[in-house]
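The lines below spell out each chain.
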Amino acid sequence: MLTEENGDPEFPAREALARLDALHTGLTRIALEGGDLAGIAAEVGRVLDVGVAVTSTDGRERASALSEDQLRMLTEHDLVDPTGRLRVERMGIDGVPVAGGEARTLRVAAGGQNLARLVCVRLTARLAPDDVQALERAAAVAALLITREEAVTAVETKYQGDFLRDLLLRRTADPAYVAEHADTLGWDLRRPMVVLTAELDPIDARVPAEQWRAWQKRFSAGWRQVCSGLGEGIPTVDFSSEVVTLLPVDADPGPPPGRDIVRRAVTAVAGDKGGGRRQFSAGVSRPVPDIDALPGAYAQARRAVEVGRRISGGGSTTFFDQLGLHRLLALVPDPAELDSFVRDALGPLAEATTEAAELRETLQVLLDTNFTVAEAARVQFFHYNTMRYRVAKLERLLGPLSTDPNLRLDVAVALQALRTVGRPGGT
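Residues numbered from 1 in each chain as written. Predicted model: local features only at pLDDT ≥ 70, side-chain atom pairs only at ≥ 80, totals over all residues. Heavy atoms only, no water.

### Section: the overall build of the protein
Each helix and strand in the protein was counted, giving 16 helices and 10 strands. Burial analysis of the protein (427 residues in total) assigns 45% to the buried set. If you take every contact in the protein between residues at least 6 apart in sequence, the share linking residues at least 24 apart comes to 61%. Looking at the protein as shown, the accessible area adds up to about 21,400 Å², and 53% of this sits on carbon and sulfur atoms. (Helix = DSSP H or I, 4+ residues; strand = E, 2+ residues; numbered from the N terminus. Buried < 20%, exposed > 50% of the residue type's maximum accessible area, 1.4 Å probe, protein only. Contact = heavy atoms within 4.5 Å. Areas by Shrake-Rupley, 256 points an atom, 1.4 Å probe, with all protein chains shown as cover.)

### Some words on the side chain of Gln 380
Following the sequence through the fold, Gln 380 ends up in the loop between α14 (373–379) and α15 (384–398). For Gln 380, a relative accessible area of 13% corresponds to the buried category. Excluding anything up to four places from it in sequence, Gln 380 contacts Glu 361, Thr 362, Val 365 and Met 387.

### Some thoughts on a negative patch on the surface
There is a patch of like negative charges on the surface, built from Asp 174, Glu 180, Asp 290 and Asp 292. The residue Glu 180 is located in helix α6 (residues 175–184) in this model. (Patch = residues over 30% accessible without salt bridge, like charges linked within 9 Å, V, L, I, M, F, W, Y side chains within 5 Å. Salt bridge = Lys/Arg side-chain N within 4 Å of Asp/Glu carboxyl O. Lys, Arg positive; Asp, Glu negative; His and termini not counted. Charge placed at Lys NZ, Arg CZ, Asp CG, Glu CD.)

### Overview of the side chain of Arg 122
Within the secondary structure, Arg 122 is located in strand β5 (residues 113–122). At 3.0 Å, the side chain of Arg 122 and the side chain of Asp 131 are in polar contact. Look past the residues within four positions of Arg 122 in its chain and what remains in contact with it is Leu 48, Asp 49, Val 50, Val 98, Gly 101, Glu 102, Leu 127, Ala 128 and Asp 131. (Polar contact = N/O pair within 3.5 Å; in protein donor to acceptor, adjacent residues only side chain to side chain.)

### Thoughts on the packing of helix α2 (residues 37–48) against helix α5 (residues 129–168)
Where α2 contacts α5, the two axes come as close as 10 Å, and the packing angle between them is 170°. In terms of orientation, α2 lies roughly antiparallel with respect to α5. Here α2 contributes Leu 37, Ile 40, Val 44 and Leu 48 to the contact with α5, which in turn contributes Asp 131, Ala 134, Leu 135, Ala 138, Val 141, Ala 142, Leu 145, Ile 146 and Glu 149. Class assignment for the residues of the contact of α2 with α5 results in 11 nonpolar, no polar and 2 charged. (Axes fitted to C-alpha atoms, helices over the stretch in contact; angles between N-to-C directions. Parallel < 35°, antiparallel > 145°, perpendicular 65-115°, else oblique. Nonpolar A, V, L, I, M, F, W, Y, C, P; charged D, E, K, R; others polar.)

### Re the sheet that holds strand β2 (residues 61–65)
Strand order in the open sheet formed by 5 strands is β2-β1-β5-β4-β3, with antiparallel pairing between adjacent strands. Because the sheet does not close on itself, it has two edges, and the strands there are β2 and β3 (96–98). Between one strand axis and the next, the sheet turns through 25° on average, direction left out of account. Strands in contact with α5 are β2, β4 (101–110) and β5; relative to β4, the strand with the most contacts, it is inclined by about 40°. (Pairing = 2+ DSSP bridges.)

### A word on the environment of Ala 345
By the element assignment, Ala 345 lies in helix α12 (residues 335–346). Between the C-alpha atoms of Ala 345 and Arg 408, which are 63 residues apart in sequence, the distance is 9.9 Å. Apart from the residues lying within four places of it in its own chain, the contact partners of Ala 345 are Leu 398, Asp 410, Val 411 and Ala 414.

### Examining the nonpolar core
One finds Leu 37, Ile 40, Val 44, Leu 48, Val 108, Leu 118 and Leu 135 to be the most contacted residues of the largest nonpolar core, which totals 31 residues. For this core, the secondary-structure elements that each account for two or more residues are α1 (11–32), α2, β1 (51–55), β4, β5 and α5. Among the elements that make up this core, the one with the highest residue count is α5 (10 residues). Excluding anything up to four places from it in sequence, Val 44 contacts Leu 23, Leu 27, Asp 49, Val 50, Val 52, Leu 135 and Ala 138. (Core = buried A, V, L, I, M, F, W, Y, C linked by side-chain atoms within 4.5 Å.)

### Here's the deal with the pairing of β1
Buried residues dominate β1, accounting for 5 of its 5 residues. Judged by which residues are buried, β1 turns out to be covered on both faces: Gly 51, Ala 53 and Thr 55 on one side and Val 52 and Val 54 on the other are all buried. In the sheet, β1 pairs with β2 via 4 bridges, with the strands oriented antiparallel. Of the residues in β2, the one forming a bridge with Ala 53 is Ser 64. The turn linking β1 back onto β2 is made up of 5 residues, and Gly 59 within it adopts a positive phi angle of 100°.

See below:
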């Protein structure tokens, strides 16, 4: 038999064909035996001697057969963000140099829809055309498995969503039955929790309904994946326009309880905004001790995300306990009425000028320090006489703030209302 050593010119082609056939056999076995994406990644890595990861379309890892060295080199080449997301948008279908080899991505698609990304890393050499052909075949098998998984997940999510919606809207029966039923879903509701609701922020441009559903689907998948990594038994459900998750706070170091786990979850889902991730806002309830308090907590979370978006705009995470006066201001149905109140109470300080903004900042510091001039001067790094001058100017514009508590209350509310109605000018 001819070998490469005795000069057979067809040996490389036969060797490539043998690898392709071995990979095809292995992938077929995985698909027929009910294997998963991890099995595909491991089989491709073994046959082609590469590192492989299957990620979401924005680079969130779903299955991986990457070695520590390969992952370290990707990190050194700035192809991994701080949350662990693979920056698939920087690799591309033509690949980028990594050490002495390359990293590249391939689309995993079916029916014209992007389902995932197949990331391939080889540190010693560039990928040959036959390697790319083998990877394309692996991507096709991965698409079949993902399509199957998504069909099952859609049914499970619908069932879980109906159950959690009934629970949060007080449509369920005995709490003991609810907890037992939650156990069958793999959820742990026998512990203190906070309810977090997250919504994609609206955009000005008109977006086809199909595109928005694809964004929402990817968004909810991201939350499920992140929450599964934060601990066991965390319910995470897509309610079509929002994602609701019940995060445990019993192991949260705090204080206050829940802040740390919420921060970690939101940071992991948001990432570095790369890979096509959409901006979102989140609202978080107060901690609740048991199932009975969950409906009220859900209402708090929804209120927090609604008011938080009005106060801080998109991309914000708002805790219900942070709302304070804004809860009452948000009840005013007419923003023009709030704007009128702000202008009446603040006068020239409601204008959109640099001087007005500086005076509003000084006024807020004075209110925070109970009009203690020396303390306010230290906070703003002003000379005492400079602060006295500013107090006198504020009183000429607004009235006897230092002696009239009712007037101070009015301007304090107006400053908070200004954040609700928007920037000075009411726009």
